Amino acid sequence: MSTEPELGAGPEADEVGDGGAAAGGPAAVGGKAPEGGSADTDGPAGASGTASTDRDGDSEDPTGTTGPASASDAEDAAGDGGTDGAGGGGGADAAGTGGEGAAQVSEAAAELAAQRVERERIERRKAEKKGPVGSGAKLSGKAADLLAAVRAVEGGEKPAATVFSAPAEPAPRRAAPAPEPVRPPQPAAPAAAAPATETVTAVRRALADGGAPESLAPQVAAALGEGADALLRADPWQLLRVTGVRPDQADGFARALLGAECGPDDERRGRAVTGWLLEQAAVAGHTALEMSALTAALAQRAVPDPEAAVQSAIAEGEALVFRDALDPGAPEPEDDEEERPVRVLAGLERYALAEESLADGLARLVNSLSKDASERWEAAAAAASAGAAELARAVAGHGLVLHTGGEAARAEPAALLTAARTAGLRAFAAAHTPDGRRRLTALLEDGEGADGTVAGLLSGAEGPGRDADGALDLDLLIVLDAPQLDVEDAAILVEALPDGARLVLSGDPAVLWSAGPGRVFADLLAARVCPAIASRTPDPGPLGELVSGIGVGELTQVEAPGKEIVIVPVRDAGEAVHRTVQLVADSVPRAIGIPAEQTVVITPGHGGAAGTRALNTALKERLNPGPGRFGGFDPGDRIAYSPTPGRTVPGQVVKADAEGLHLSCAGVPVVVPKERVEQSVRHGWALTAHQATGSRWPAAVVVLPGDAAQSLSRPWVYTAFSRAERHLSVVHGVEQALPKAVAESLPKPRTTRLPLLLTTQVPAT
């Protein structure tokens, strides 16, 4: 096969050559790979100058057992490292979150408040339960020791210092609790206020005494609360609670404050590093860690006694330990001396309890199927169109249904929504992004009040409202882009549904998983506890054919007579940036007819010579030059705004004044306070794949510089390539790494407990 002329190959190449080169053909893998380092090695320094872990692909695996996290693991849908993309325990996500105009300010604040209220509710329910946390199995050795530590803490005692060395009697198996009636979520509490000025001032003095950047003071005060300065002086390693601070930086701060008293064997250090590692695991998507992996990671961080560090964290309530049977379906051993194989996990309470709450809520939906409205469900199933008929029949008979498929398959849940509303059922659908909602609305015959976003539903700004019991006033909730649901948002949604309601989770299982911890959709598919309907509607055209092949591990040659797919080989990152700017500004508008403002650039990470920072700088200079007088932004700049951790909304800068930076996001006015701009707003001509997930553009330019080869995976390529509706250009400098990633590089596993929790409550379907 001959290599077709490339799009924008040189100064004179303003038009597309006759026929785009097919991805996977010679043009897709040809060319010399550029030199380079990692895809994103220059994580931002954050507002304070303290180096931070960038949540878009350059954070390392906290356990040290699986290698560096790829861009598909920890990409930051929320922005720079200063924003807690996984919703971790830092303070950046607790106070002062920018709003989306008058309405959207309350949406962002209410969403965060709703999450806090839900976590408090889960914690209260957990406190009511008797017995240790676990799946019920006999233990001995270290696993029993860990369980004894938890039981001691639950009883208000501190475990003995020998808890990791002295044998303990295994705990009796906990009886399964009786089914709990649905507890409707409480109204969202007011958003947390910004820390008091005197608190910030006192923290600033403590930071200065320890040689830490004083600009960290607001974040520290928000994370540690009132009396933060005293807490910081008593335990300098509490600095690790601030997003972006690394253990070596906290060590330096502790040495400056404590002097000779500071040492690597300090109990406070081991406890803080344990919590930090579990937070980093959550950033990478894990809801818990294998105990062996956690202790190995602590040893790598120069903690002399990792087991004692974990014991201390458990004793102080900063971590939970779980014992899960490796085979929950196996019968109990007849011999009392026989041990049942288990795995011991440790995790942060907020994610562990959210996962348990989610499992309980899903089991309730499955087991509380109402027959009262059977005639209306049968009418809805009969009215559904051919493609949605199977889905409608499944929903009529089950409380939880999964639906899989690509972009074209979204028509099926849309048809189900229309049929259900026509039959008199209270139905609503929520997408991940405003653009996802726009595409859903276009498929509805009457979308007035029928659809919204997950964020809007969680905050109460969108949706059907609540019934007399406080639950969502719904018979059917359809959630599109379900792979983007993290465990906390999923738990809040499920807990808000009344008994007898149906829940449909619909999405493309081949895309990147959620930015937050968990892999809810994939876990449900694997658990096989409910019907899973696979759409038979393929995505059309050359782009649909290309993406479908990637989904099954094949980068095939695709005929693109309308120049739907074009490959642009490059030699190095500098040429990749040049070609990208030329494509967006000149070639695609002129040859394809898609203007620059309707083209998105997608690259594996924020850092590096061809990351989002470098590309956005070059694109701004070409498309909207200016001095950046509003904190680096000018009117007309395209931006990516993160109102809450893990969610990105594309928009444009309008102006700036004393109130903050004024944006227009999906047609909604947004005001971001100036103190939040650096953490929640990026330039948005170029995005990472996670930031782009849930949205589509008429044209996409995917940049693959040579230094990105190690961060490519099949889900990343699938997600990036499928963001294009009409035209895809691939700026290609990774040679054979692209087909190899598609064929061999599967998503990194995430450690979660949801499948096991579901298996013990819901029979397999």
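Structure shown above.
One structure accompanies this document, and this report is about it.

Quick notes on the rules
- Residues numbered from 1 in each chain as written.
- Predicted model: local features only at pLDDT ≥ 70, side-chain atom pairs only at ≥ 80, totals over all residues.
- Heavy atoms only, no water.
- Helix = DSSP H or I, 4+ residues; strand = E, 2+ residues; numbered from the N terminus.
- Areas by Shrake-Rupley, 256 points an atom, 1.4 Å probe, with all protein chains shown as cover.
- Axes fitted to C-alpha atoms, helices over the stretch in contact; angles between N-to-C directions.
- Parallel < 35°, antiparallel > 145°, perpendicular 65-115°, else oblique.
- Left-handed = near helix turned anticlockwise from the far one by under 90°.
- Contact = heavy atoms within 4.5 Å.
- Nonpolar A, V, L, I, M, F, W, Y, C, P; charged D, E, K, R; others polar.
- Phe/Tyr/Trp six-rings, centres within 6.5 Å; stacked < 30°, edge-to-face > 60°.
- Lys NZ or Arg CZ within 6 Å of the ring centre and 35° of its normal.
- Buried < 20%, exposed > 50% of the residue type's maximum accessible area, 1.4 Å probe, protein only.
- Lys, Arg positive; Asp, Glu negative; His and termini not counted.
- Salt bridge = Lys/Arg side-chain N within 4 Å of Asp/Glu carboxyl O.
- Polar contact = N/O pair within 3.5 Å; in protein donor to acceptor, adjacent residues only side chain to side chain.
- Pairing = 2+ DSSP bridges.
- Right-handed = clockwise from strand over helix to strand, strands pointing away.

## With respect to the overall build of the protein
Piece 1. A count of helices and strands for the protein gives 27 helices and 19 strands.
Piece 2. Summing over all exposed atoms, the protein offers an accessible surface of approximately 28600 Å²; the carbon and sulfur share of this is 51%.

## Let's talk about the packing of helix H21 (residues 573–592) against helix H22 (residues 612–623)
Piece 1. One way to put it is that H21 packs onto H22 with a least axis distance of 10 Å and a crossing angle of 40°. As judged from the angle between their axes, H21 and H22 are oblique. Taken as a pair, H21 and H22 cross one another with a handedness that is right-handed. Contact residues: Val-577, Thr-580, Val-581, Val-584, Ala-585 and Asp-586 in H21; Leu-615, Ala-618, Leu-619, Arg-622 and Leu-623 in H22.
Piece 2. In terms of residue class, the contact of H21 with H22 is built from eight nonpolar, one polar and two charged.

## Side note on the packing of aromatic side chains
Piece 1. Scanning the entire structure with this criterion turns up zero aromatic pairs.
Piece 2. Note that Arg-753 overlies the ring of Phe-322, its terminal NZ or CZ placed 4.1 Å from the centroid.

## Looking at the side chain of Arg-696
Piece 1. Within the secondary structure layout, Arg-696 lies in the loop between helix H24 (689–692) and strand S18 (697–704).
Piece 2. An unpaired buried charge is present at Arg-696: no salt bridge exists, and Glu-407, the closest side chain of opposite charge, is 4.1 Å distant.
Piece 3. A distance of 3.1 Å separates a polar side-chain atom of Arg-696 from the backbone oxygen of Ser-722.
Piece 4. Residue contacts for Arg-696: discarding those within four places in its chain leaves Glu-407, Asp-435, Arg-438, Arg-439, Ser-722, Arg-723, Ala-724 and Glu-725.

## Description of the environment of Ala-254
Piece 1. As for its placement among the helices and strands, Ala-254 is situated in helix H8 (residues 247–258).
Piece 2. Considering only alpha carbons, one finds Ala-254 and Leu-239, 15 residues apart in sequence, at a separation of 9.1 Å.
Piece 3. Setting aside residues up to four positions removed in sequence, Ala-254 forms contacts with Pro-236, Trp-237, Gly-259 and Cys-262.

## A short note on the pattern of salt bridges
Piece 1. Summed over the entire model, instances satisfying the criterion amount to 30 salt bridges.
Piece 2. Linking Arg-410 and Asp-481 is a salt bridge whose minimum nitrogen-to-oxygen distance equals 2.9 Å. Here the residue Arg-410 occupies a position in the loop between strand S4 (400–404) and helix H15 (411–422), and Asp-481 occupies one in the loop between strand S7 (476–479) and helix H18 (487–496), the gap between them amounting to 71 residues.
Piece 3. Looking at Arg-410, the relative accessible area reads 8%, which means it is buried.
Piece 4. Residue classification places Asp-481 among the buried positions, given a relative accessible area of 14%.
Piece 5. The partner of Glu-462 in a salt bridge is Arg-437, and the shortest N-O contact between them spans 3.2 Å. Placement of the pair is Glu-462 in the loop between helix H17 (454–459) and S7 and Arg-437 in helix H16 (residues 434–441), with a sequence separation of 25 residues.

## What about the pairing of strand S8 (residues 502–507)?
Piece 1. Counting buried positions along S8 yields six of six residues, so the element is predominantly enclosed.
Piece 2. Residues Arg-502, Val-504 and Ser-506 line one face of S8 and the alternating positions Leu-503, Leu-505 and Gly-507 line the opposite face, and both faces are buried.
Piece 3. Note: S4 against S8, five bridges, orientation parallel. Looking at S8, one finds that Thr-404 is bridged to Gly-507.
Piece 4. Sheet topology places S7 next to S8; four bridges connect them, and they run parallel. Note that in S8 the partner of Ile-478 across the bridge is Val-504.
Piece 5. After leaving S7, the chain enters H18 and then returns to the sheet as S8, a path that is right-handed.

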